[in-house]
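# Coordinate analysis (summary)
Each chain, written out:
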Amino acid sequence: MAVTKIDKSQLKVGMFVEAIEGVWQDSSTLGRRFTIRSGHEIDLIVNSNISGVFINTALGQNASGSPLHPAKNIASATRQDKFETAAKIQGHAAEARSLIGDIFDGRAVTVESFTPLVNDVARTMEENPSLYIGMSRLRSRDNATFVHSLSVAALLLHFGRSMQMDDETVQHLCMAGMLHDIGKLSIPKQILQKQGPLNAAERNVVEQHPGLGYELLSANLNMPKLVLDICRSHHERLDGKGYPDRLMADAISPEVRMSTICDVFDALTSARPYKKGWSSPQALSWMMCREDQFDKGLMWRFVLSLDPEMTKGIL
Ligand SMILES: [Fe+2]
Ligand SMILES: [Fe+2]
């Protein structure tokens, strides 16, 4: 892996900056990807509000510090691993299904009800962090939404930990992953499970799922704000072309941006009856090219949390 994250105070002349994390006002002066040529350029970065810098050591000078890998990497699992633990995941999916179903049916579900499942997912991620990737064969049409929600929950948990977020935030991220598509349960199955592309009217119906989910979850007074935000805004885009509120970048929080990354990554890498799933490197490369849609700095953080095997060919 040639890209690593460093603190802005570690910058040196000769380093190649691949991406900047945070709000970067001087991209017109230095460009989006550039080699540091002078102390003045370092000063521009150090005196800005950005929070971190991603340098590419294949294209520029190395950092003196060690690369930042705060969480265990998601390693590639063997078929055997996946086979052996499929039952465990099926169990988690069934549990997620029952919790999501309870909320959908209007039963009072406390935040604490999610704790055992969140802990189970966390434990499984520690034992074998790649399990939730490529679970396509578990996705029958009937349980596709639940298994997808569970994958997004596990990815968000891992992502949050790799960002060294506090335990409560990580727990809420995981819960948000499980509930982000709850609004889809209100969408007619013939649209949701349609093979092939949707027409405009059908797309319109599907695009109501974040709003429907938000209304449903808002009825639960104890629902954490982060869960509500992610449910409502996980299809927003940085360029304002997302839905349902067409939010612009500054109105989209880092946690929501993280949820969008995990959501799309899982959608691209999983197979559907009408399409083959993409490989992880294919999906990540596609996403890395879309800065108008995904936060580039967070994309790098996500990539760096994965095993190099899964990110081959991106750099
Ligand atoms: Fe969604
Ligand atoms: Fe989703």
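Residues numbered from 1 in each chain as written. Chains lettered and ligands numbered in written order. Predicted model: local features only at pLDDT ≥ 70, side-chain atom pairs only at ≥ 80, totals over all residues.

## Focus on the packing of helix α11 (residues 254-269) against helix α13 (residues 296-305)
Look at α11 against α13: their axes get within 10 Å of each other, and the N-to-C directions meet at 55°. Relative to α13, the element α11 lies oblique. As α11 runs across α13, the sense of the crossing is right-handed. On α13, the residues that touch P254, R257, M258 and I261 of α11 are L298, M299 and F302. Among the residues making up the contact of α11 with α13, the classes are represented as 6 nonpolar, no polar and 1 charged. (Axes fitted to C-alpha atoms, helices over the stretch in contact; angles between N-to-C directions. Helix = DSSP H or I, 4+ residues; strand = E, 2+ residues; numbered from the N terminus. Parallel < 35°, antiparallel > 145°, perpendicular 65-115°, else oblique. Left-handed = near helix turned anticlockwise from the far one by under 90°. Contact = placed C-beta atoms within 7 Å. Nonpolar A, V, L, I, M, F, W, Y, C, P; charged D, E, K, R; others polar.)

## A short note on the nonpolar core
Of all hydrophobic cores here, the largest spans 67 residues; its most connected members are L150, A153, L156, L157, C174 and L179. No other element matches the 10 residues that helix α5 (residues 144-162) contributes to this core. Counting contributing residues, this core receives three or more from each of domain 1 (3-56) and domain 2 (79-311). Ignoring any residue separated from it by four or fewer positions in sequence, one finds L179 in contact with I100, L217, V227 and C231. (Core = buried A, V, L, I, M, F, W, Y, C linked by C-beta atoms within 7 Å. Buried ≥ 20, exposed ≤ 12 C-beta atoms within 10 Å, placed from the backbone. Domains from an automatic or database assignment.)

## Some points on the environment of L30
Topologically, L30 is positioned in helix α1 (residues 27-30). With 17 C-beta atoms counted inside 10 Å, the residue L30 sits in the partly exposed group. On a C-alpha basis, the gap between L30 and L44 in space is 9.5 Å, while along the polypeptide they are 14 residues apart.

## Let's talk about the environment of N47
Relative to the assigned elements, N47 resides in the loop between α2 (39-46) and β4 (52-56). For the pair N47 and S9, spaced 38 residues apart in the sequence, the C-alpha separation amounts to 9.9 Å.

## A closer look at α11
In this model, α11 (16 residues) spans 23 Å end to end at C-alpha, consistent with the 22 Å of a helix rising 1.5 Å per residue. The element α11 is extensively covered by neighbouring structure, given that 12 of its 16 residues are classed as buried. What α11 keeps buried is the set E255, V256, R257, M258, S259, T260, I261, C262, D263, F265, D266 and T269. (Expected span 1.5 Å × (residues − 1).)

## Notes on unusual backbone geometry
Cis geometry is adopted by the peptide bond preceding P244, which originates at Y243 and carries an omega value of 10°. In this fold, P244 is placed in the loop between α10 (225-233) and α11. The phi dihedral of Q164 is positive, around 55°, even though this residue is not glycine. Position of Q164 relative to the elements: it lies in the loop between α5 and α6 (167-179). On the basis of neighbour counts, which here come to 10 C-beta atoms within 10 Å, the residue Q164 falls in the exposed class.

## Thoughts on the sheet that holds strand β2 (residues 16-21)
A sheet is described by the order of its strands in space; here 4 strands give the open sequence β1-β4-β2-β3, paired in antiparallel fashion. With one partner strand each, in any of the chains shown, β1 (3-6) and β3 (34-35) form the two edges of the open sheet. As judged from the 2 bridges shared by β2 and β3, these two strands associate in the antiparallel manner. When the sheet's bridge partners are listed, V17 is paired in β3 with F34. (Pairing = 2+ DSSP bridges.)

## What to know about the confidence of the model for the chain
In this model, the chain carries a mean pLDDT of 83, and residues with pLDDT of at least 70 account for 85%. Averaged pLDDT values over the elements of the chain bottom out at 68 in α1 and peak at 97 in α10. Counting contacts from residues 65-70, a segment whose pLDDT is below 50, to residues more than four positions away or on other chains yields 8 contacts. (pLDDT = per-residue confidence, 0-100.)

## Section: the pairing of β4
Summarising the sheet, β1 and β4 pair through 4 bridges and their orientation is antiparallel. Bridge assignment links V3 to a residue of β4, and that residue is N56. Sheet analysis places β2 next to β4, joined by 4 bridges and oriented antiparallel. Directly across from I20, in β4, lies its bridge partner V53.

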